[in-house]
Amino acid sequence: MTSGPGAPTRAEIMVFAACREVRDGDCVFVGVGLPNLAVQLALRLHAPRCHLIYESGVFGARPVRLPISIGDPCLVSGAAQVLPMAETFLYFLQGGRTDLGFLGAAQIDRYGNLNTTVVGRDYDHPRVRLPGAGGAPDIALNAHRTVVIARQDRRKFVERLDFRTTVGWAEGGTSREAIGAPGGGPSRVITDLGVYGFDAETREMTLESVHPGVTLEQVREATGWDLKAGSPLGTTEAPDAAMLRLLREELDPDRIYLKG
Amino acid sequence: MPAGGRRSDDNPVPEVPTLSESKVLTMREAVNRFVRDGDTVVLEGFTHLIPFAAGQEIIRQRRRDLALVRLTPDLLMDQMVAAGTARKLIFGWLGNPGVGSLHAVRRAVERGYPGPLEIEEYSHFGLLCRYKAAASGLPFFPLRGYRGTDLPRVNPHLKQVACPFTGETLDAVSALHPDVAIVNAQRADAGGNTQIWGLVGAQREVAFAARRVIVVVEEVVPEDVVRADPNRTQIPSVVVDAVVEEPWSAHPSFVQGYYDRDNAAYLAWDRITRDPAELERYLDEWVHGLPDRAAYRARLGNETRDRLRPGPRLAGPVDYGDYR
């Protein structure tokens, strides 16, 4: 950045990377926080016709403020449809009408399986009790593409999950198809260090790009398994000054989600 | 206030006779009559219409050994667990949405403090399907839900079934019939025909699934107001046992068109719930120390209530037609 708002933060690079995963016309299952900002940005840039779906039972949301939760009243006012939660899952997800879903996680493994249930192997006596499944298993099972957004460190990027709440590529290879998972599986993982895809055959997570200023060594340090990296390794595209202004002045002016 | 229930002189609502009997009770009477120790009690409302007033009355009346059911146990469940009403929690996602953890629930699950708490967990979809099965009179509901996950390992109620037509293996959950459902809404008539706008969550499913139903509304309206707009009715009188009129009964959650979520209260809860002594003080001050919700409203004060009232955004009227 030579002029204007200053260099992008890691959080802003994550939002921009997530924003590029949204295609125009997509039905997107949105969560709060960074995914919400990513979709709001996509709506204003390259995907003005994408449809925002919230598991609380809203289709076609057009929030006029930053939603505090996935059930914020601002998601209802001006939306195209409100429907019972059960129907949101039955028709939009299980019915195969969701193109893209965003997920977060406390732990992720090399096949994009997620843990949001417990830290510690003993389920009955967990070291940390996490929130649990919520809508994640069904988004991951049914959406045509899933993108995981998470901050990266060795406690998060683990060799073995303490609990598998949500299935990604299962044990890799064709194991996801073998359990009869209808959706397309995880397509990208976006962290504060880099962007990952999944190998078309082994389904193992592969580092595609590192964010500006991040080294491969740093990423390996923050990964609990022997990480595969693409060659050549790319650098994640950073948002330009106009996008940063949009993010900082319009979408998250109080820096609720973009502080880090 | 929304104008949906008001009549204007140019658009008169036809007079209809009032057919149903009044089920209007005070909160104290409704909880006393319909919630019993040991009951399975579902308190729904997905971020919207969370039955805080009813839950706090259950605490005040010191009900015990309840199995509490809710897609997203949040502040209210944290309070009910801390107050010792619950022996079990059946849920999909535990947390203070957009803020953090439920520390009272975590203390119970992680350390058995102040007492043990049994948990039974589902995905949101799984629990919704349990409500749907019960509401539909089916023993179970099929779904593609938790294959490939560890959830069936810790929850024996998650099973699989073969499709009799294709042979496909489907996941299955059993029907959940709560003893009591407590459902908040914008308005109902005295007989219990209940109207909701904004997020409808699982309100209709749990009302049809439960053996006893308490509806808590911002306003009780004449039956002809409901009959003027039947598409907005989510719950019919026939499944309702009690109607409680209690403005601000969902605070600090929100009621679409009436008040916004009091986010300051959600943020403050993060501090309160971390310290059992402070949580105890909160319950003494805001629950046990107050006789009813009217006292809670008064304590909340005009300033907070004014801050949370949204501006108007009215729906246009529709013409149902007069077919005489």
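For clarity, every value in this text was computed on a predicted model and none was experimentally measured.

### Looking at the overall build of chain B
Part 1 of the reasoning: Helix and strand counts for chain B come out as eleven helices and twelve strands.
Part 2 of the reasoning: Taken against the 2.2 N^0.38 rule, which gives 20 Å for 324 residues, the C-alpha radius of gyration of chain B at 20 Å falls within 12% of a compact globule.
Part 3 of the reasoning: On the principal axes, the C-alpha backbone points of chain B span a range of 60 × 60 × 35 Å.
Part 4 of the reasoning: For chain B, the residues scored as buried account for 50% of the 324 residues in total.
Part 5 of the reasoning: Of the contacts formed within chain B by residues at least 6 apart in sequence, a portion of 74% connects residues at least 24 apart.

### Regarding the interface of chain B and chain A
Part 1 of the reasoning: Counting residues at the interface gives 45 residues for chain B and 37 residues for chain A.
Part 2 of the reasoning: Of all the secondary-structure elements, those providing two or more residues to the side of chain B that touches chain A are helix H4 (103–111), helix H5 (124–136), helix H6 (151–154) and helix H7 (203–209) of chain B.
Part 3 of the reasoning: In terms of residues, the side of chain B that touches chain A owes the most to one element, H5(B), which gives four residues.
Part 4 of the reasoning: Across the side of chain B that touches chain A, the residue classes tally to 17 nonpolar, 15 polar and 13 charged.

### Considerations on the nonpolar core
Side chains of nonpolar character tend, in soluble globular proteins, to be buried together.
Part 1 of the reasoning: With 174 residues, the main nonpolar core has A:Val15, A:Ala18, A:Ala38, B:Ala181, B:Ile214 and B:Val215 as its most contacted residues.
Part 2 of the reasoning: When neighbours within four sequence positions are excluded, A:Ala18 is seen to be in contact with A:Leu34, A:Pro35, A:Ala38, A:Phe102, A:Val147, A:Ile149 and A:Ile190.

### A closer look at unusual backbone geometry
Residues and elements named next belong to chain B.
Part 1 of the reasoning: Here the bond from Tyr-113 into Pro-114 is cis, since omega is -5°, no more than 30 degrees from zero.
Part 2 of the reasoning: With a phi close to 60°, Thr-47 is a non-glycine residue in the positive phi region.
Part 3 of the reasoning: Secondary-structure assignment places Thr-47 in the loop between strand E1 (40–43) and helix H2 (52–60).
Part 4 of the reasoning: Here Thr-47 falls in the buried class, since 25 other C-beta atoms lie within 10 Å of it.
Part 5 of the reasoning: Phi angles above zero are rare outside glycine, and Asp-65 is one such case at about 60°.
Part 6 of the reasoning: Tracing the chain through its elements places Asp-65 in the loop between H2 and strand E2 (66–70).
Part 7 of the reasoning: Judged by C-beta crowding, with 13 C-beta atoms within 10 Å, Asp-65 ranks as partly exposed.

### Quick notes on H5(B)
Part 1 of the reasoning: Here H5(B) is 13 residues long and its end C-alpha atoms lie 18 Å apart, about the 18 Å a rise of 1.5 Å per residue gives.
Part 2 of the reasoning: Along H5(B), twelve of the 13 residues are buried, which leaves the element largely enclosed by surrounding structure.
Part 3 of the reasoning: The complete set of buried residues in H5(B) reads B:His124, B:Phe125, B:Gly126, B:Leu127, B:Leu128, B:Cys129, B:Arg130, B:Tyr131, B:Lys132, B:Ala133, B:Ala134 and B:Ala135.
Part 4 of the reasoning: Against helix H3 (85–94) and helix H4 (136–142) of chain A together with strand E5 (140–143), strand E7 (169–174) and H7 of chain B lie the buried residues of H5(B).
Part 5 of the reasoning: Looking one or two residues past H5(B), B:Gly137 carries a phi angle of roughly 75°, positive in sign.

### Topic: the environment of A:Leu37
Part 1 of the reasoning: For A:Leu37, the position within the fold is in helix H2 (residues 34–44).
Part 2 of the reasoning: Residues in contact with A:Leu37, not counting those within four places in the same chain, are A:Val15, A:Leu247, A:Leu251, A:Asp252 and A:Tyr257.

### Quick word on the domain arrangement of chain B
Part 1 of the reasoning: Structurally, chain B comprises domain 1 (29–124 + 177–303) and domain 2 (140–174).
Part 2 of the reasoning: Placing a centre on the C-alpha atoms of domain 1 of chain B and another on those of domain 2 of chain B gives a separation of 30 Å.

### Some details on the packing of H2(B) against helix H3 (residues 75–82) of chain B
Residue and element names in this part refer to chain B.
Part 1 of the reasoning: Axis separation between H2 and H3 bottoms out at 10 Å; the angle between their running directions is 5°. Overall, the two elements H2 and H3 adopt an arrangement that is roughly parallel. Seen from H2, the contacting residues are Phe-52, Gly-55, Ile-58 and Ile-59; seen from H3, they are Leu-76, Gln-79 and Met-80.
Part 2 of the reasoning: Of the residues belonging to the contact of H2 with H3, the class tally is five nonpolar, two polar and no charged.

### A short note on the sheet that holds strand E6 (residues 159–162) of chain B
All names here are of chain B.
Part 1 of the reasoning: Pairing is antiparallel across the open sheet formed by three strands, whose spatial order is E5-E7-E6. With one partner strand each, in any of the chains shown, E5 and E6 form the two edges of the open sheet. The average angle at which neighbouring strand axes cross in this sheet is 45°, direction not considered.
Part 2 of the reasoning: Across the sheet, H5 is in contact with E5 and E7; its angle to E5 comes to roughly 140°.

### A few points about the domain arrangement of chain A
Interfaces are often described in size by the accessible area the parts lose on coming together.
Residues and elements named next belong to chain A.
Part 1 of the reasoning: Assigned domains of chain A: these are domain 1 (1–98 + 237–260) and domain 2 (99–236).
Part 2 of the reasoning: Summarising the inter-unit geometry, the C-alpha centres of domain 1 and domain 2 are found 21 Å apart.
Part 3 of the reasoning: Contact with domain 1, which involves 23 residues of that partner, is made by 21 residues of domain 2.
Part 4 of the reasoning: Secondary-structure elements contributing two or more residues to the side of domain 1 that touches domain 2 are helix H1 (10–19), strand E1 (27–29), H2 and H3.
Part 5 of the reasoning: At five residues, the largest contribution of residues to the side of domain 1 that touches domain 2 is made by H1.
Part 6 of the reasoning: Considered class by class, the residues forming the side of domain 1 that touches domain 2 number 14 nonpolar, four polar and five charged.

### So, the environment of B:Glu246
All names here are of chain B.
Part 1 of the reasoning: Following the sequence through the fold, Glu-246 ends up in the loop between strand E12 (242–245) and helix H9 (263–274).
Part 2 of the reasoning: Sequence separation between Glu-246 and Val-220 is 26 residues, and the spatial gap between their C-alpha atoms is 9.1 Å.
Part 3 of the reasoning: Sequence-distant contacts of Glu-246, that is, excluding residues within four places in its chain, are made with Met-27, Ala-53, Val-216 and Arg-293.

### Side note on the sheet that holds strand E13 (residues 205–210) of chain A
All names here are of chain A.
Part 1 of the reasoning: Across the sheet, which stays open at both edges, the ten strands sit in the order E4-E3-E2-E1-E5-E10-E11-E12-E13-E14 with mixed pairing between neighbours. Among the strands making up the open sheet, the edge pair consists of strand E4 (81–82) and strand E14 (228–235).
Part 2 of the reasoning: Bridge count between E13 and E14: four bridges; the pairing is parallel. Bridge pairing links Ser-209 to Gly-234 in E14.

So, how was this worked out
- Residues numbered from 1 in each chain as written.
- Chains lettered and ligands numbered in written order.
- Predicted model: local features only at pLDDT ≥ 70, side-chain atom pairs only at ≥ 80, totals over all residues.
- Helix = DSSP H or I, 4+ residues; strand = E, 2+ residues; numbered from the N terminus.
- Rg over C-alpha atoms; globule rule 2.2 N^0.38 Å.
- Buried ≥ 20, exposed ≤ 12 C-beta atoms within 10 Å, placed from the backbone.
- Contact = placed C-beta atoms within 7 Å.
- Nonpolar A, V, L, I, M, F, W, Y, C, P; charged D, E, K, R; others polar.
- Core = buried A, V, L, I, M, F, W, Y, C linked by C-beta atoms within 7 Å.
- Expected span 1.5 Å × (residues − 1).
- Domains from an automatic or database assignment.
- Axes fitted to C-alpha atoms, helices over the stretch in contact; angles between N-to-C directions.
- Parallel < 35°, antiparallel > 145°, perpendicular 65-115°, else oblique.
- Pairing = 2+ DSSP bridges.

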